[in-house]
Amino acid sequence: MPSTREPGAFAGCGLMSGSLAYLVPLALALGVVALGAFLWSLGSGQYDDLDGAAERIFIDDEDDRIAGADERSTNAPGETARDRPG
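Residues numbered from 1 in each chain as written. Predicted model: local features only at pLDDT ≥ 70, side-chain atom pairs only at ≥ 80, totals over all residues. Heavy atoms only, no water.

### Examining the packing of aromatic side chains
In total, this model carries 1 aromatic pair according to the counting rule given. On the basis of an interplanar angle of 45 degrees and a centroid distance of 6.1 Å, the ring pair of F38 and Y47 is categorised as tilted. According to the relative accessible area criterion, Y47 is partly exposed, its value standing at 42%. (Phe/Tyr/Trp six-rings, centres within 6.5 Å; stacked < 30°, edge-to-face > 60°. Buried < 20%, exposed > 50% of the residue type's maximum accessible area, 1.4 Å probe, protein only.)

So this is what it looks like as structure tokens:
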């Protein structure tokens, strides 16, 4: 008796081959969109200074450090610079 099945990897799987016809182009389109977003981020300078943001936490602002030292040394316990008269 001759076989009525179609030759090929997805023989007899009409549903699987039909869904692949939509999923493969969709996956390729999403890949192109992701590549475009990555190339845009490269062009806009998103990766220019990777270490700066990580090291910025260790840099004290000069004004904050001096003001904090003054308040700790001249104020009474619990008193701030705003509490002192004029």
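That covers the picture; the talk isn't over yet.
### Regarding a nonpolar patch on the surface
Side chains of L35, F38, L39, L42, Y47 and L50 sit close together on the surface and give an oily, nonpolar patch of about 610 Å² of accessible area. When residues in the nonpolar patch are grouped by element, the largest group, 4 residues, is from helix α1 (residues 14-43). Turning to its location among the elements, L42 is positioned in helix α1. Residue classification places L42 among the partly exposed residues on the basis of a relative accessible area of 43%. (Patch = residues over 30% accessible without salt bridge, like charges linked within 9 Å, V, L, I, M, F, W, Y side chains within 5 Å. Areas by Shrake-Rupley, 256 points an atom, 1.4 Å probe, with all protein chains shown as cover. Salt bridge = Lys/Arg side-chain N within 4 Å of Asp/Glu carboxyl O. Helix = DSSP H or I, 4+ residues; strand = E, 2+ residues; numbered from the N terminus.)

### Notes on the side chain of S41
Mapping S41 onto the fold places it in helix α1. Classification of S41 by relative accessible area gives buried; the value is 8%. With near-sequence residues (within four places) excluded, S41 lies in contact with Q46 and Y47. (Contact = heavy atoms within 4.5 Å.)

### Describing the confidence of the model for the chain
Residues with a pLDDT of 70 or more make up 53% of the chain, whose mean pLDDT is 75. Confidence scores differ between elements of the chain, with helix α3 (residues 62-74) showing the lowest mean pLDDT of 58 and α1 the highest of 91. (pLDDT = per-residue confidence, 0-100.)

### Overview of a negative patch on the surface
A contiguous patch of negative charge, built from D48, D49, D51 and E55, is present on the exposed surface. For D48, the position within the fold is in the loop between α1 and α2 (50-55). Given the relative accessible area of 66%, D48 is considered exposed. (Lys, Arg positive; Asp, Glu negative; His and termini not counted. Charge placed at Lys NZ, Arg CZ, Asp CG, Glu CD.)

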